[in-house]
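Architecture and fold: a report
Spelled out from the first residue to the last, the chains are:
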Amino acid sequence: MTSVMMEQLVVARPTRWNAAQVRRVARVLNGGTPSSDPENWDGDIPFVTPPDLRGRAGDIVATTGRKLTAVGATSGSTVADAGVVVSNRAPIGYVGRLDAPSAFNQGCKVLRPDAQLQERYLAYCMVAVAPVLQELGQGTTFMELSSQSLGSLYVPLPPLAEQRAIADYLDRETAKIDALIEKQTKLIDRLRERRSTFTAHIIEKEQPFRVNGPRLRHHVRGVRQGWSPQCNNWPAETDEWAVLRAGCTNRGVFDPYDNKQLPEGTEPRPDTVVRDGDLVVGRANTRDLVGGAAVVRGTYPRLMLSDKLYAYCLRGGALPEYVAAVLGTQRYRDMIGLAATGASYSMQNICQRDIADLPMSLPSLEVQVACVKQIDDETARIDALIAKSERFIELARERRSALITAAVTGQIDVTEGAA
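Because the structure is predicted, anything quoted here is derived from the model rather than measured. (Residues numbered from 1 in each chain as written. Predicted model: local features only at pLDDT ≥ 70, side-chain atom pairs only at ≥ 80, totals over all residues. Heavy atoms only, no water.)

Quick notes on the pairing of strand β6 (residues 83-88)
Short version of the rule: Exposure is judged per residue with a 1.4 Å probe applied to protein chains only, and the accessible area is read against the type maximum: over 50% gives exposed, under 20% gives buried, and values in between give partly exposed. The way it works is that DSSP assigns letters per residue, a run of H or I at least four long becomes a helix, a run of E at least two long becomes a strand, and they are numbered from the N terminus. In short, DSSP must find at least two bridges between two strands for them to pair.
Most of β6 sits inside the fold, with six of its six residues counted as buried. One ladder, built from five bridges, connects β6 with strand β7 (residues 92-98); its direction is antiparallel. Paired with Gly 83 across the two strands is Leu 98, which belongs to β7. Here β6 hands over to β7 after three residues, with Ala 90 in that stretch at a positive phi of 50°. Bridging between β6 and strand β9 (residues 108-113) involves four bridges; their strand directions are antiparallel. Across the sheet, Val 86 pairs through a bridge with Lys 109, a residue of β9.

Observations concerning the sheet that holds strand β2 (residues 26-30)
To keep it simple, the criterion reads: In this analysis, axes come from line fits to C-alpha atoms, helices being fitted only over the stretch in contact, and the angle between any two N-to-C directions falls in the range 0 to 180 degrees.
Taking strand neighbours across the sheet as the criterion, the four strands line up as β2-β9-β6-β7 in an open arrangement whose pairing is antiparallel. Of all strands in the sheet, those bounded by a partner on one side alone are β2 and β7. Between one strand axis and the next, the sheet turns through 25° on average, direction left out of account. Relative to β9, β2 runs antiparallel, the two being bridged by five bridges. In the strand pairing of β9, Leu 29 is matched with Val 110.

So, the state of the cysteines
Such a bond, covalent and formed between the sulfur atoms of two cysteines, is termed a disulfide. Keep this limit in mind: The disulfide definition used here is simple: a pair of cysteine sulfur atoms within 2.5 Å.
For the structure shown, the criterion picks out zero disulfides. Free cysteine: Cys 231, not disulfide-bonded; nearest cysteine sulfur from Cys 248 at 13 Å.

Quick look at the packing of helix α9 (residues 320-328) against helix α10 (residues 330-339)
Stated formally: Roughly parallel covers angles under 35 degrees, roughly antiparallel covers those over 145, roughly perpendicular covers 65 to 115, and oblique covers all other angles. Whether two residues are in contact is decided by their heavy atoms, any of which lying within 4.5 Å being enough. Three residue categories are used. Nonpolar comprises Ala, Val, Leu, Ile, Met, Phe, Trp, Tyr, Cys and Pro, charged comprises Asp, Glu, Lys and Arg, and polar comprises the others, including Gly.
Taken N-terminus to C-terminus, the directions of α9 and α10 make an angle of 70°; their axes are 5 Å apart at the nearest point. Judged by the inter-axis angle, α9 sits roughly perpendicular to α10. Counting all contacts with α9, which are made through Val 326, Leu 327 and Gly 328, the residues of α10 involved are Gln 330, Tyr 332, Arg 333 and Ile 336. A class-by-class count of the residues in the contact of α9 with α10 yields four nonpolar, two polar and one charged.

A word on empty space enclosed by the protein
Rules: The distinction between a cavity and a pocket rests on a 1 Å grid over the protein atoms alone: a 1.4 Å probe fits inside a cavity but cannot get out, while a pocket stays open yet meets protein on both sides within 12 Å along at least five of seven lines, and a residue with an atom within 4 Å of a point counts as lining. Grid points are joined across faces, edges and corners, and a volume is the space filled by probe spheres set on the points.
This structure, assessed with the given rule, holds one cavity of 30 Å³ or more. What the largest cavity holds in volume is close to 70 Å³. Contributing to the lining of the largest cavity are Ile 203, Glu 204, Gln 207, Phe 209, Val 326, Thr 329, Arg 331 and Tyr 332. Among the elements of the structure, α8 (160-206) and α10 are those that each provide at least two residues to the lining of the largest cavity. Residues of the lining of the largest cavity, tallied by class, amount to four nonpolar, two polar and two charged.

Listed below in structure tokens is the structure:
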């Protein structure tokens, strides 16, 4: 693995640059988590975890999901007032920087560079070798990057003045790329909002909302719920038995590949297999996704519902795709959110009765078919634009990564501003 690391960062460097292992030029600090005692939490000290580093790519960690009190920061965690934060599990390879005293958990390590190494330059080096860090992870239950492996990594060591020049150059150039990515991200958000607004407009034009009147249960012939045995943490092949995950209905599209393989020796339950035309609704998920609905189209003879999913068989006057579109509108998302229960935002539940009691005054089947066609046509057009923007973002991120690697290995002469 050392040869891989040398190939990534060291071999390509100018011969006048030195190279050193991280542990020779930086101190590696391990994190921890204090107990759940209330006196440890909800204070003023940022508590950095891997999700807080998502998308940072070497930038300052400005906000964190949780904060510690002074007591909590000294009873189970580690506090650093500066340094480069690298996630070492769940997942490996996120990178950020600290500019204020912050604690961090066991999913992160902080590198405190010595006088030979400029912090921003080191952060860009870690971003450049994120794939290598992931390869260095070891473990059976979950993959983890050890302090020894991180400390053994070699980094190019140009003079400090050049390190600063490289970091300044990358700050400028990556900011330009990030601005383009942000612009496309906002465009995608607007397109998704447009898609949602269009669907709501079509639905409400033909089906004015009525608090009183028929409920969803009046259009249901039968409902089934699945089971959740201990499964393997990977999807099944098409000829293997599998249990659908809760996310298979996310964004209103049924995803048969979002499943877990049923282990050998576990007896399947054919009565829980999804059927063509089923309206599948998520019983448990995050607040934003709970109650998400999608329609099964096709035959999946070994794909079973989990206990987090309901499958509704609708009566002849209700088109499943139309009902799914209704349940996906903001008005219904709000009603589902109010009905959902749970102590944690990340896991909300909605009971079968609350779903069945949702107002559902349907137009004629002919009108439902026409509405679904309009929605499908507009959705396809918008999705094509979203895919184009997503591809732009993907290419921009590849460009950003290549630029960082080229700069920290000396392939770009930043003193001349060459790209």
